[in-house]
Number of protein chains: 2
Amino acid sequence: MDSQVVDLSSVSFSTFRWLSEEYYGLNGDHYDVLESPPSPLEFSRILHISRPVLIKGYTIPSLRHWSNKYLSDIMGDRPLSVAVTPNGYADAVTRNPDGKWYFVEPYYQKMTMKSLLSRLGLPSDMSQHTEVFYLQSQDGNLFSSSYFTSGDKESHSELASLRGDVPAEIPWCSEALGRCPDAVNLWIGDRRSVTSIHSDPYENIYHVARGSKTFLLLPPTEGWCLKERLYPHATYQRESENSPLFLKPSLSTTPPVRWPSILHPEQPGSLPDTAHPIIIDVKAGETLYLPAGWWHHVRQSGLSIALNWWYDIEPRGSTWVWLRLLRGVPAEAAGGEEVDE
Amino acid sequence: MDSQVVDLSSVSFSTFRWLSEEYYGLNGDHYDVLESPPSPLEFSRILHISRPVLIKGYTIPSLRHWSNKYLSDIMGDRPLSVAVTPNGYADAVTRNPDGKWYFVEPYYQKMTMKSLLSRLGLPSDMSQHTEVFYLQSQDGNLFSSSYFTSGDKESHSELASLRGDVPAEIPWCSEALGRCPDAVNLWIGDRRSVTSIHSDPYENIYHVARGSKTFLLLPPTEGWCLKERLYPHATYQRESENSPLFLKPSLSTTPPVRWPSILHPEQPGSLPDTAHPIIIDVKAGETLYLPAGWWHHVRQSGLSIALNWWYDIEPRGSTWVWLRLLRGVPAEAAGGEEVDE
């Protein structure tokens, strides 16, 4: 979601508290589990309710062939942009050795699929002192919006060789929304990669092909419990190909990034009592509907491969206003010791 | 909607102003017009957007036979409960001769359909000094919730003789929502009856069978412009069958009623600039989708006959919380000179 500061300084915490209590009172922490994919009409109702749903039985037959060998062979020497971090936290708030907190983006390193897969899912004694690799380019690395809008079916994507195995859209979702996805992404990583808690302004269909993912979710009404602040921007960099990563603050002209200050919501006591996290394990072959604006923190097992389809939010009606209200105004720029580790 | 006072005293007017400006900025005052009824999936999308839609081409063939003679004959001597007021404002804020403002409910008088129809649509010179009659019992006078829920298909309704002509539900709406209506009502009145501006916690399908209705609508985000206050309750009564109506304040134990203080939103200058009313004429044969929580003021032409189907709002998700937030906390009890006439 854009980081524009909303002029909502008049919205007090008691209003946010009231909203989250009322919402929880009506909805609890329930989520539906479907044993088979919904019809377009059923999914339209689900979109209206805007709560997570675990969907079983939506199978993508071609993914059964996605062994490491198949993926390595089909991708060949084509270089992939892989996120590298020292700790598994790409796109996360991190403390620099100087004690200051930054929102840090990963270092991107080019490597083949074979090389990536060889570095993932290693036994813990072999991996604990090494860098963490995660294919998570999130830019529509399989199908981007230009694929759908401009009729440009040419492959400019690094992962174009895999397009034949992946449906460009989810029929019951496209029909319910009346539009195509905005981006389709492939994610390949292992248990050392963690996605820090954040929210996206997209309806998200998230399918696990191999391994499993554990989502910790909070509704948009509980976002205020995450204490969003503005953090100065930084990236991981290295001096040369074989030297270690270091955190490099960006130029001061780079806008700060609005991000939650709760770094480990999965740890007991890290969230206030007013937050009611929902934990959903998504196993291979299962699909999560992750509604727009829901906060999510994601862990994964062994070697995990997942696909997601992002669809634009409904622009008409009150969805946008509601989500912007709930994000309120961020506290002033951090940089000190105010982060809840 | 219930009149429970929501503990939202912390929500300032600047928040309400921000919400209404953002909502208007995204949606404007546009409404869609459909040339034919929507499919269930299309209507599900419309419910999600929650903005009014004028639907043409949804015909109810049996209504073509609803002449005054047909209606009088089929209803025979069966007595109907008809709302009677001196001024056409039933369920409205009204000033008593003592200068105090009340929320006044109409007097209910029993009469036959033939008698009712003979009093409606008269030339203005014949009607200007007479009482105003409106069949508007609103309690599911054709089909009530017990009809749908208890399987009780027996006719306890005053209008049961007309049930054969009226579909108990709207197929594309029932299928979109996955449920039956909560109440189906018949409305018969003329241009002298006006429905004061209010909102209902129901999805409303409103079909005009004869005459026309003019709806003035405001989105839920602009409800704060209507200055809801708590008014003491009263009813119109008469001493004997032929004596004139008078306003009788209810016992002080009757709870006050929360109602807008803007009595004539259709008149220029009565609404602040922050309100953006949408005016929709619904002609005979046309159907309005009036979304839950939208404020509506209704006038009608000549002799108007209409049907409406109320469906319960989606209880899951954020719809209820959103609508309750937007109603905020009402100003303290009125009763003085604070009404905007």
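Residues numbered from 1 in each chain as written. Chains lettered and ligands numbered in written order. Predicted model: local features only at pLDDT ≥ 70, side-chain atom pairs only at ≥ 80, totals over all residues. Heavy atoms only, no water.

Just give me the short version of the overall build of chain A, but keep the residues and values in it.
Of regular secondary structure, chain A possesses eight helices and 20 strands. A globule of 341 residues ought to have a C-alpha radius of gyration of about 20 Å, and chain A, at 20 Å, matches this closely. Referenced to the eigenvectors of the C-alpha coordinate spread, the extents of chain A come out at roughly 55 × 55 × 40 Å. Counting the 341 residues in chain A, one finds 57% classified as buried. (Helix = DSSP H or I, 4+ residues; strand = E, 2+ residues; numbered from the N terminus. Rg over C-alpha atoms; globule rule 2.2 N^0.38 Å. Buried < 20%, exposed > 50% of the residue type's maximum accessible area, 1.4 Å probe, protein only.)

Describe the interface of chain A and chain B, naming the residues involved and giving the relevant values.
Between chain A and chain B, the residue contacts involve 38 residues of the former and 38 residues of the latter. Across the chain A/chain B interface, buried area totals approximately 3300 Å², and carbon plus sulfur atoms make up 63% of it. Where chain A packs against chain B, one counts two salt bridges. Between Arg324(A) and Glu22(B) there is a salt bridge, with its nearest N and O atoms 2.7 Å apart. The interface formed by chain A and chain B holds twelve residue pairs in polar contact (both at pLDDT 80 or more) in total. Within the residue set of the side of chain A that touches chain B, elements represented by two or more residues are helix H1 (13–27), helix H2 (40–49), helix H7 (171–177) and helix H8 (319–327) of chain A. Among the elements that take part in the side of chain A that touches chain B, H1(A) stands out by supplying eight residues, more than any other. Its residues assigned to classes, the side of chain A that touches chain B comprises 18 nonpolar, eleven polar and nine charged. (Contact = heavy atoms within 4.5 Å. Buried area = accessible area lost by both parts, 1.4 Å probe. Salt bridge = Lys/Arg side-chain N within 4 Å of Asp/Glu carboxyl O. Polar contact = N/O pair within 3.5 Å; in protein donor to acceptor, adjacent residues only side chain to side chain. Nonpolar A, V, L, I, M, F, W, Y, C, P; charged D, E, K, R; others polar.)

For the nonpolar core, give the residues involved together with the corresponding values.
Grouped together as the largest cluster of nonpolar side chains are 78 residues, with contacts concentrated most on Leu19(A) and Leu19(B). With near-sequence residues (within four places) excluded, Leu19(B) lies in contact with Val321(A), Leu325(A), Thr221(B), Trp322(B), Leu325(B) and Leu326(B). (Core = buried A, V, L, I, M, F, W, Y, C linked by side-chain atoms within 4.5 Å.)

Before we move on, can you summarise the packing of H8(A) against helix H1 (residues 13–27) of chain B with the specific residues and values?
One can describe the packing of H8(A) onto H1(B) by two numbers: an axis separation of 9 Å at closest approach and a directional angle of 145 degrees. Along this stretch, H8(A) crosses H1(B), giving a crossing that reads as right-handed. Across the interface between the two elements, Trp320(A), Val321(A), Arg324(A) and Leu325(A) from H8(A) touch Thr15(B), Trp18(B), Leu19(B), Glu22(B), Tyr23(B) and Leu26(B) from H1(B). Class assignment of the residues belonging to the contact of H8(A) with H1(B) gives a composition of seven nonpolar, one polar and two charged. (Axes fitted to C-alpha atoms, helices over the stretch in contact; angles between N-to-C directions. Left-handed = near helix turned anticlockwise from the far one by under 90°.)

A description of empty space enclosed by the protein should follow, citing residues and the corresponding values.
Within the structure shown, the criterion is met by seven cavities of 30 Å³ or more. By volume, the largest cavity is sized at about 490 Å³. Along its surface, the largest cavity is lined by 34 residues, and Ser318(A), Thr319(A), His48(B), Ser318(B) and Thr319(B) are the ones closest to its centre. Per-class residue counts for the lining of the largest cavity are 20 nonpolar, twelve polar and two charged. (1 Å grid on protein atoms, 1.4 Å probe; cavity = no way out; pocket = protein on both sides within 12 Å on 5 of 7 lines; lining within 4 Å. Points joined across faces, edges and corners; volume = space filled by probe spheres on them.)

Got a sec to walk through the relation of the copies chain A and chain B? Specific residues and values, please.
Expressed as a screw operation, the relation of chain A to chain B combines 0.0 Å of axial shift with a rotation of 180 degrees, fitting to an RMSD of 0.0 Å. Expressed as an axis order, the relation between the two copies is that of a two-fold axis. Mapped onto chain B, 100% of the interface residues of chain A are again interface residues, and the two copies thus contact each other with one and the same surface. (Least-squares fit on C-alpha atoms with pLDDT ≥ 70 in both.)

Can you lay out the pattern of salt bridges for me, pointing to particular residues and giving the numbers?
Residue and element names in this part refer to chain A. Going through the model one piece at a time under the given rule, you end up with 17 salt bridges over all chains. One salt bridge connects Lys110 with Glu158, and the closest N-O pair in it is separated by 2.9 Å. Of this pair, Lys110 sits in strand S7 (residues 107–111) while Glu158 sits in the loop between helix H6 (145–149) and H7; the two residues are 48 residues apart in sequence, bridging distant segments of the chain. For Lys110, a relative accessible area of 54% translates into the label exposed. The partner of Arg192 in a salt bridge is Asp190, and the shortest N-O contact between them spans 3.8 Å. Given a relative accessible area of 11%, Arg192 falls into the buried group. When its relative accessible area of 2% is taken as the criterion, Asp190 is described as buried.

Provide a residue-level description of helix H3 (residues 68–75) of chain A, including the pertinent values.
Residue and element names in this part refer to chain A. Listed as buried for H3 are Leu71, Ser72 and Met75. Axial view of H3: buried residues confined to an arc of 95 degrees, hence all on one face. Count one or two residues on from H3 and you reach Gly76, which has phi positive near 55 degrees. (Arc of directions from axis to C-beta.)

Run through the sheet that holds strand S10 (residues 194–198) of chain A, naming residues and quoting values.
Residue and element names in this part refer to chain A. With mixed pairing, the five strands of this open sheet are ordered in space as S4-S10-S19-S12-S17. Strands with a single pairing partner mark the edges of an open sheet, and in this sheet they are strand S4 (89–90) and strand S17 (278–283). Across two bridges, the pairing between S10 and strand S19 (residues 295–300) is antiparallel. Looking at S19, one finds that Thr195 is bridged to Val298. (Pairing = 2+ DSSP bridges.)

Account for the pairing of strand S12 (residues 212–218) of chain B, with residues named and values stated.
Residue and element names in this part refer to chain B. With seven of seven residues buried, S12 is to be regarded as a mostly interior element. Side chains Ser212, Thr214, Leu216 and Leu218 project from S12 onto one buried face, and the interleaved Lys213, Phe215 and Leu217 project onto a second face that is buried too. Two strands pair when backbone bridges link them, and S12 and strand S17 (residues 278–283) are joined in this way by six bridges, in the antiparallel orientation. The partner of Leu216 across the bridge, within S17, is Ile279.

Hey, could you go over the sheet that holds strand S2 (residues 53–55) of chain B for me, with residue numbers and the actual values?
All names here are of chain B. On the basis of which strands lie adjacent, the open sheet formed by six strands has the order S1-S2-S18-S11-S20-S9 and mixed pairing. Taken across any chain shown, the strands that pair with only one partner, and hence form the sheet edges, are strand S1 (32–34) and strand S9 (183–190). Going across the sheet, the axis of each strand differs from the next one's by a mean of 20 degrees, ignoring polarity.

Can you tell me about the environment of Pro38(B), naming the residues and giving the values?
Residue and element names in this part refer to chain B. Structurally, Pro38 is set in the loop between S1 and helix H2 (40–49). In sequence terms Pro38 and Tyr58 are 20 residues apart; their C-alpha atoms lie 9.2 Å from each other. Apart from the residues within four sequence positions on either side, Pro38 is in contact with Phe43, Ile46, Ile55 and Trp172.

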